[in-house]
Amino acid sequence: MPRNRHVHVNTEVRHSGSMSVTSQLALDEAVAKALQYYENKLAATRQDDIDPDDMNYEELQALGEAIGAETRGLSDELISFLTPSMYATGFVLRDEHAECVICCMPYEDQAALITLPCEHHYHSDCIRPWLKINKACPICGEEVFG
Ligand SMILES: [Zn+2]
Ligand SMILES: [Zn+2]
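Just so we're clear, the structure is a prediction, and the values are computed from it rather than from any experiment.

Caption draft 1: Fine view of unusual backbone geometry. Despite not being glycine, Cys 104 shows a phi value in the positive range, around 60°. Inspection of the secondary structure assignment puts Cys 104 in the loop between β2 (99–100) and β3 (105–106). Positive phi is not limited to glycine here, since Glu 119 has a value of about 75°. Following the sequence through the fold, Glu 119 ends up in the loop between β4 (112–115) and β5 (121–123).

Here you go:
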């Protein structure tokens, strides 16, 4: 989960390997400029006066990645409305596949499951982190509180 885009960029710079100090500095400068650029875009977004038609696809994609974690997921409060139920061996699920598609493990007896409104089910421990970054069901893409 991307916690902080600054940290993300810094990590990439450090991992880029055997560059000269000069190109490293030039890259740092380019990264700083790019960050400044997207910070301006983000500020504009918050003021609601950005026009997505003025941005090309790559800009939109980068912007989406920069703010994605804040806009695509559900809050802890909403996730807490999804109450887990206990799986019991032999319990008939809508799908005959009694396994979690996130971790690809069959449900153990007494596993805590969450069934979404679309009736797809997952381990509670698997779907909660997912919903924090993406509010749609991983199988059918239906928004949980859409
Ligand atoms: Zn799972
Ligand atoms: Zn679904």
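Caption draft 2: View of the nonpolar core. Grouped together as the largest cluster of nonpolar side chains are 13 residues, with contacts concentrated most on Leu 113, Ile 114, Tyr 122, Leu 131 and Val 144. Elements with a minimum of two residues in this core: β4 and α5 (124–133).

Caption draft 3: Representation of the confidence of the model for the protein in the model. Model confidence for the protein is summarised by a mean pLDDT of 76, while 64% of its residues fall at 70 or above. Here residues 9–16 scores under 50 on pLDDT; set against residues more than four positions off or in separate chains, the count is five contacts.

Caption draft 4: The arrangement of the sheet that holds β4 in detail. Taken in spatial order, the three strands line up as β1-β4-β5 in an open sheet, and their pairing is antiparallel. The strands lining the two open edges of the sheet, one partner per strand, are β1 (85–86) and β5. As paired strands, β4 and β5 are joined by three bridges and run antiparallel to one another. The residue of β5 that forms the bridge with Ile 114 is Tyr 122. On top of the sheet, α5 reaches β4 and β5; it is set at about 100° to β5, its chief contact.

Basis of the calculations
- Residues numbered from 1 in each chain as written.
- Chains lettered and ligands numbered in written order.
- Predicted model: local features only at pLDDT ≥ 70, side-chain atom pairs only at ≥ 80, totals over all residues.
- Helix = DSSP H or I, 4+ residues; strand = E, 2+ residues; numbered from the N terminus.
- Core = buried A, V, L, I, M, F, W, Y, C linked by C-beta atoms within 7 Å.
- Buried ≥ 20, exposed ≤ 12 C-beta atoms within 10 Å, placed from the backbone.
- pLDDT = per-residue confidence, 0-100.
- Contact = placed C-beta atoms within 7 Å.
- Pairing = 2+ DSSP bridges.
- Axes fitted to C-alpha atoms, helices over the stretch in contact; angles between N-to-C directions.

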